[in-house]
Amino acid sequence: MRTGHPGSFLLALALLSGCATLADTETGGENLPNAAAGPFRALRAGELGNLRSAPNALEDDETFPRDPALLDADGDPATPAVFGYFSMTPEVPGEDPDPTAPPGAIVRYGAEDGRSFDRAPLVVLTPEAPWEGGTVGAPSVVRVGDEIYLYYAAAGGIGLARSLDGGVFARVPGAVLGPDASGWEAGAVPRSPGVVVLDDGSLRLFYEVPGPGDTARIGEARSDDGVTWTRIGDGPALAPALAGEGAEPPYDGAWVGAPAPVLVRSAEGRSILRVYYAARDTLGRAVIGLAARFDPGSEKPLERAVSPVFGSGSSLGPHEPCALVHPGHTLLFSTQRAGRTKGANYPAVAAGVAPADVSLPAP
């Protein structure tokens, strides 16, 4: 971050990545991110209700709900209830469930405690428009005025559907962000949107851009109304990290995508933009990373943490993160394998919490 103290933000990120109990730190008037930003520990037995098995807050071996997007149910972060929007694969009579099939619907679950999702999904969106190519998924959901905006990925780009109650949605015609052949994206179809509303009411969209081979980068766009978007910059907002002099490859040196932005405030009231993202190194190891910046509405570079915030040492392949900030702690949800056994080789939604020593109320 290019501020009056250019090294302070990087130092704080390095510390928070190595210590889950780091307190708020002030340097030169800047209140830096605290331990609630990560790293995250997986939820344990007894921290999930609704007969959910920790760390999986949502699991179904027939429809494979995945790709979480969380919305505070009443707009008050002090109350825990949330709506969760997820991609899923509708059941096809006479066919075995296929966890590798593209998502064919977006569904909503509720969680009164903010993490233990119920067992009554509501289908809110299915593919209808030709440009969607028979698939809708990777939702991102925000409140804009009196409406709920649901962004989603489809075959032709990123779409938008709007709702007054969070259950019945009406599409905006066409993709709100389609391929751009004139810039660095080279005509790739944008996917995995992550949207955040800034303090001035404007919106920022972070999105995944597939690159040559099995690579991805993250782009950024801005909007005043959430419908018309303008891309920012002449290159990625975040690209795979370059290898340093150390023997260990960067945790995000091969692939970065599935961005999940969240706006938070320091103890001094200063806004900070965090962007959680899926990452992969050159050895194929998948984790969740974190990048951030002060001045969320600026076009300053994102500064990444020196270590991943979730999934380090795991073989479950976490991706498609979503973070929900509560007073005193943050919950992180991500798609990963349901388990390590051969029979659990399908996607589920795992949950983690930071700081690691927080005591969650009983579900």
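Structure: see above.
Criteria and thresholds
- For every chain, the first residue of the written sequence is number 1, and numbering continues from 1 along that sequence.
- Reporting of local features is limited, given that this is a predicted model, to residues whose pLDDT is at least 70; pairs of side-chain atoms are given and counted only at 80 or more, and all residues count toward the totals for whole chains, interfaces and linings.
- Hydrogen atoms and water are omitted, and side-chain values are computed over all heavy atoms in the structure.
- Each helix is a run of H or I in the DSSP string that is no shorter than four residues. Each strand is a run of E no shorter than two, and both are numbered from the N terminus.
- Only heavy atoms enter the contact rule, under which two residues are in contact if any of them lie within 4.5 Å.
- Any two rings among Phe, Tyr and Trp, with Trp reduced to its six-membered ring, count as a pair given centres within 6.5 Å; such a pair is stacked if its planes are under 30 degrees apart, edge-to-face if over 60, and tilted if neither.
- Only protein chains enter the accessibility calculation, which uses a 1.4 Å probe; a residue is then buried when its area is under 20% of its type maximum, exposed when over 50%, and partly exposed in between.
- By the criterion adopted, a ring carries a charge over it if an Arg CZ or a Lys NZ lies within 6 Å of its centre and within 35 degrees of its normal.
- Salt bridges are counted wherever a side-chain nitrogen of Lys or Arg sits within 4 Å of a carboxyl oxygen of Asp or Glu.
- Here, nonpolar core refers to any group of buried Ala, Val, Leu, Ile, Met, Phe, Trp, Tyr and Cys residues whose side-chain atoms link them within 4.5 Å.
- Strand pairing is defined by DSSP finding a minimum of two bridges between the two strands.
- For the purposes of these results, a polar contact is taken to be a pair of N or O atoms within 3.5 Å, where, inside protein, one atom must be able to donate a hydrogen and its partner to accept one; residues adjacent in sequence count only when each atom of the pair is a side-chain atom.

K.L.:
I would appreciate a short explanation of the overall build of the chain in the present structure.
P.N.:
Each helix and strand in the chain was counted, giving one helix and 23 strands. Of the contacts made within the chain by residues no fewer than 6 positions apart, 52% connect residues no fewer than 24 positions apart.

K.L.:
Please clarify how unusual backbone geometry should be interpreted in this entry.
P.N.:
That bond from Gly38 to Pro39 is cis: its omega, 5°, falls within 30 degrees of zero. In this model, Ala354 is joined to Pro355 through a cis peptide bond whose omega is 0°. Residue position: Pro355 is located in the segment after β23 (347-354). Although it is not a glycine, Asp67 sits at a positive phi angle of roughly 60°. Along the chain, the position of Asp67 falls in strand β5 (residues 66-72).

K.L.:
What am I meant to see in the packing of aromatic side chains here?
P.N.:
Ring pairs (aromatic) are described by centroid distance and by the angle formed between their planes. Scanning the entire structure with this criterion turns up nine aromatic pairs. Judged by centre distance (5.9 Å) and plane angle (70°), the ring pair of Phe40 and Tyr276 falls under edge-to-face. With a gap of 236 residues between them, Phe40 in the loop between β2 (30-31) and β3 (41-42) and Tyr276 in strand β18 (residues 271-280) connect regions that are remote in the sequence. When sorted by exposure, Phe40 lands in the same class as Tyr276, which is buried. Taken together, the ring pairs in this structure connect Phe86, Tyr109, Phe117 and Phe333 into an aromatic cluster. One Lys or Arg, Arg108, reaches over the ring of Phe83 and ends 4.2 Å from the middle of that ring. Positioned above the aromatic ring of Phe294 is the side chain of Arg270, whose terminal nitrogen or guanidinium carbon lies 4.2 Å from the ring centre.

K.L.:
Would you mind showing me how to read the pattern of salt bridges here?
P.N.:
Summed over all chains, the structure comprises 16 salt bridges. Residue Arg171 is joined to Glu128 by a salt bridge in which the shortest nitrogen-to-oxygen separation is 3.3 Å. With Arg171 in strand β12 (residues 170-171) and Glu128 in the loop between β8 (122-125) and β9 (136-144), this residue pair connects regions lying 43 residues apart in the sequence. Take Glu128: its relative accessible area is 60%, and that puts it in the exposed class. Among the salt bridges present, the one from Arg304 reaches Asp252, with a minimum N-O distance of 2.7 Å. With a gap of 52 residues between them, Arg304 in strand β20 (residues 303-304) and Asp252 in the loop between β16 (230-231) and β17 (255-265) connect regions that are remote in the sequence. For Arg304, a relative accessible area of 23% puts it in the partly exposed group. Via salt bridges that share partners, Glu128, Glu132 and Arg171 belong to a single interconnected network.

K.L.:
Where do I start with the nonpolar core in this structure?
P.N.:
Note that soluble globular proteins tend to have their nonpolar side chains buried in a common cluster. Residues Leu70, Phe86, Phe117 and Phe333 are the most contacted members of the largest nonpolar core, which totals 22 residues. Put simply, the parts of the chain that give this core at least two residues each are β4 (56-58), β6 (82-88), β7 (105-111), β21 (319-326), β22 (329-337) and β23. No other element matches β7, which puts four residues into this core. Leave out the neighbours within four places in its chain, and Leu70 touches Val82, Phe83, Gly84, Phe117, Val141, Cys322, Leu324 and Phe333. In terms of nonpolar packing, the next biggest core, distinct from the first, is built from 17 residues, Ile158, Leu160, Leu205 and Trp229 among them.

K.L.:
For this particular structure, what's the right way to read the sheet that holds β12?
P.N.:
To summarise the sheet geometry, strands pair through backbone hydrogen bonds and adopt either a parallel or an antiparallel arrangement. Across the sheet, which stays open at both edges, the four strands sit in the order β9-β10-β11-β12 with antiparallel pairing between neighbours. The open sheet has two edge strands with one neighbour each: β9 and β12.

K.L.:
Got a minute to help me understand the side chain of Asn56 in this structure?
P.N.:
Relative to the helices and strands, Asn56 resides in strand β4. On the accessibility criterion, Asn56 (5% relative accessible area) is buried. Within the local environment of Asn56, its side chain forms a polar contact with the side chain of Glu59, the two groups lying 3.0 Å apart. Residues in contact with Asn56, not counting those within four places in the same chain, are Leu48, Ala338, Ala348, Val349 and Ala350.

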